[in-house]
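Coordinates in review
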Amino acid sequence: MPDAQTRETTTTSVVLLATTPACRLSCSDGTLLDRLHDQLATLPVREVQVLTPGGGLGADLRGVAKIARISPGAVLVLPADLVAHTEALALLLEHPARGTAALVSYDAAPAPMRPPVRVDGARVAAAGSSFHTVPGSNATFRGVLQVGESDLTVLAAVAEELAELAETGRLGPVTPVEAVDLLLVGLVRWGATVRAAALGPLHADRVTGQAAAEAAVGRLAEVDEARVRLDTSVKQDDGFFATFLVSPWTRHLIRPAVRLKLTPNTVTGVSIGLAVLSAVWFSAGDQAGRLLGAALLYLSFALDCLDGQLARYTRSFTALGAWADGMSDRLKEYVVYVGLAFGYPGGPLIWRLAVAATILQVVRHAIESSYAGWAADAAQAGSPRGRPARSLLEPGDAPHAAAGVLGVAERLDAGTISRWIKKMIVLPIGERTALIAVTAAVWDAKVTFLALLTWGGAAALYQLGGRIARSAR
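In this text the structure is predicted, and so the values were computed from the model without any measurement. (Residues numbered from 1 in each chain as written. Predicted model: local features only at pLDDT ≥ 70, side-chain atom pairs only at ≥ 80, totals over all residues. Heavy atoms only, no water.)

**Focus on unusual backbone geometry**
Rules: Only DSSP runs of H or I with at least four residues qualify as helices, and only runs of E with at least two residues qualify as strands; both kinds are numbered from the N terminus onward. Relative accessibility under 20% of the residue-type maximum defines a buried residue, over 50% an exposed one, and the middle range a partly exposed one, all with a 1.4 Å probe and only protein chains included.
With a phi angle near 50°, R98 is a residue other than glycine that sits in the positive phi range. By secondary structure assignment, the location of R98 is in the loop between α4 (86–93) and β7 (101–105). The exposure class assigned to R98 is buried, which follows from its relative accessible area of 12%. A positive phi is found at L427, a non-glycine position, where the angle reads about 50°.

Written as structure tokens, this is what we have:
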């Protein structure tokens, strides 16, 4: 976990939009506004500024713009008529990146207080309001918007432009209730990358009357926030092997690890140690050694999953931890290759196969990392800071369907079985671990390397084709 000094310097400013009468509705903790204040007091928040009624939507938006220009860090904007789990707010406020993100839900139809959004690849691709439509919407915005420090200039410009449009009547009959919805629309259309923070089984609802407020508060008690936090610490979009043969039991180690005050980096270190021991046993070359090496390799991968789960549970991600985790995956894999080659009495051939398998994995990782770097550069270049990428007066955001190879890939994602097959085709780290462990334990190192070269080669061609198609798109 970050120390107290780190938390103090990375806290977020909060803007509460208290321009609707609903925020004064009563609940067991006073008013809804009081309840939000109490919740925010338990979270890493620098200060809370309440924008009270006085000048309508335009005044609210200009107030947000003023705060965005002077804030030293991220800003969270939310309406004071919100009834939400504290854990739902923490999904944004305790995320170490402090980046731009919006709280969304995938399980409800759009409604006046739940504007539609379209999420593509864990980011908000289009957002709606009473004025802006979203064809192909697949989620709803729940009123909580965090803007990272790098996007505060954009937030200020968006808020000022929206204020002018609202005051001149060019946005139609919008009201202060829609202030945060319009800000999300504006950020997306200006090209800001907005992460979609999934609400999951938690609740976050805006209310308009006393009965609705009481019902919303009552629904909060139906959910075990601690259980939800544990469940969401397990990666929801992992590989087949990790999802079904590792995570179901490593999740039970998360809380014991927290009680023992283990850090994710400590778990990563133990994982590396087990992989080295695995390589030592593989180097023995006999059946017993290969069986024990396979078991240790499996446990090493399990701890590799656990370190990420622990980081998500404690929300203690660090750049060093992410780098160490990625590097340890490469290190463990190549050390195991060396152990397998040492244990096989095949002369120079086995070392050629080991080197070939290593080179293939290096090339595959180069394809992935270089594409990720290109995508990041393209996103930065496509995020204008002087003018909107799309006019805020355009009412609709038309989705675009992929064609060719990408279209086939997207159709594969639509089916459960085909989606898992697609994940396995690329031979991710979990599947590689299983392939190494099973082939080494049942056969020998030669079979392991041949299997890695065959499957890995096909995976490399698939990845390369996909990256070329996406880059061209």
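On we go.
**Concerning the confidence of the model for the chain**
As a reminder of what qualifies: For every residue, the predictor states its confidence as a pLDDT score lying anywhere from 0 to 100. Here, residues are in contact when the closest pair of their heavy atoms is within 4.5 Å.
Summary statistics for the chain give a mean pLDDT of 87 and a share of 89% for residues scoring 70 or more. Highest mean pLDDT in the chain belongs to β7 (97); lowest belongs to helix α1 (residues 4–9) (38). Here residues 1–9 is a poorly scored stretch, pLDDT under 50, and it has 7 contacts once near neighbours within four places are set aside; other chains count.

**Overview of the pattern of salt bridges**
Formally: Salt bridge, as applied in this entry: a Lys or Arg side-chain nitrogen positioned within 4 Å of an Asp or Glu carboxyl oxygen.
Across all of its chains, the model carries 16 salt bridges by this definition. Close ionic contact of R315 with E94 constitutes a salt bridge, the shortest N to O distance being 2.7 Å. In this pair, R315 is assigned in the loop between α13 (287–314) and α14 (319–342) and E94 in the loop between α4 and β7, connecting sequence segments 221 residues apart. Look at R315 and you get buried, because its relative accessible area is 10%. Close ionic contact of D231 with R227 constitutes a salt bridge, the shortest N to O distance being 3.4 Å. In this pair, D231 and R227 are both assigned in helix α8 (residues 225–232), 4 residues apart and thus about one turn of the helix distant. Using a relative accessible area of 30% as the deciding quantity, one classes D231 as partly exposed. Judged by relative accessible area, R227 falls into the partly exposed class, the value being 45%.

**A word on helix α18 (residues 429–442)**
In an α-helix, one full turn covers 3.6 residues, which means residues spaced three or four apart are oriented alike. Rules: Take the residue count of a helix, subtract one, and multiply by 1.5 Å to get its expected span.
Under the 1.5 Å per step criterion, the end-to-end length of α18 is 20 Å for 14 residues, consistent within 8% with the ideal 20 Å. Burial within α18 is extensive, with 11 of its 14 residues counted as buried. Here α18 has its buried residues at G430, E431, R432, T433, A434, L435, I436, A437, T439, A440 and A441.

**So, the packing of α18 against helix α19 (residues 445–472)**
Counted only if it meets this: Throughout, an axis means a line fitted to C-alpha atoms (over the contacting stretch in the case of helices), and angles, computed between N-to-C directions, take values from 0 to 180 degrees. Note on convention: the crossing is left-handed when the near helix lies turned anticlockwise from the far helix by less than a right angle, right-handed when the turn is clockwise. Charged means Asp, Glu, Lys or Arg here, nonpolar means Ala, Val, Leu, Ile, Met, Phe, Trp, Tyr, Cys or Pro, and polar covers whatever is left, Gly included.
For the pair α18 and α19, interaxial distance at closest approach is 8 Å and the crossing angle is 145°. For the element pair α18 and α19, the recorded crossing hand is right-handed. Only V447, T448, A451, L452 and W455 of α19 make contact with α18, whose side of the interface consists of L435, I436, T439 and A440. Partitioning the contact of α18 with α19 into residue classes produces 7 nonpolar, 2 polar and no charged.

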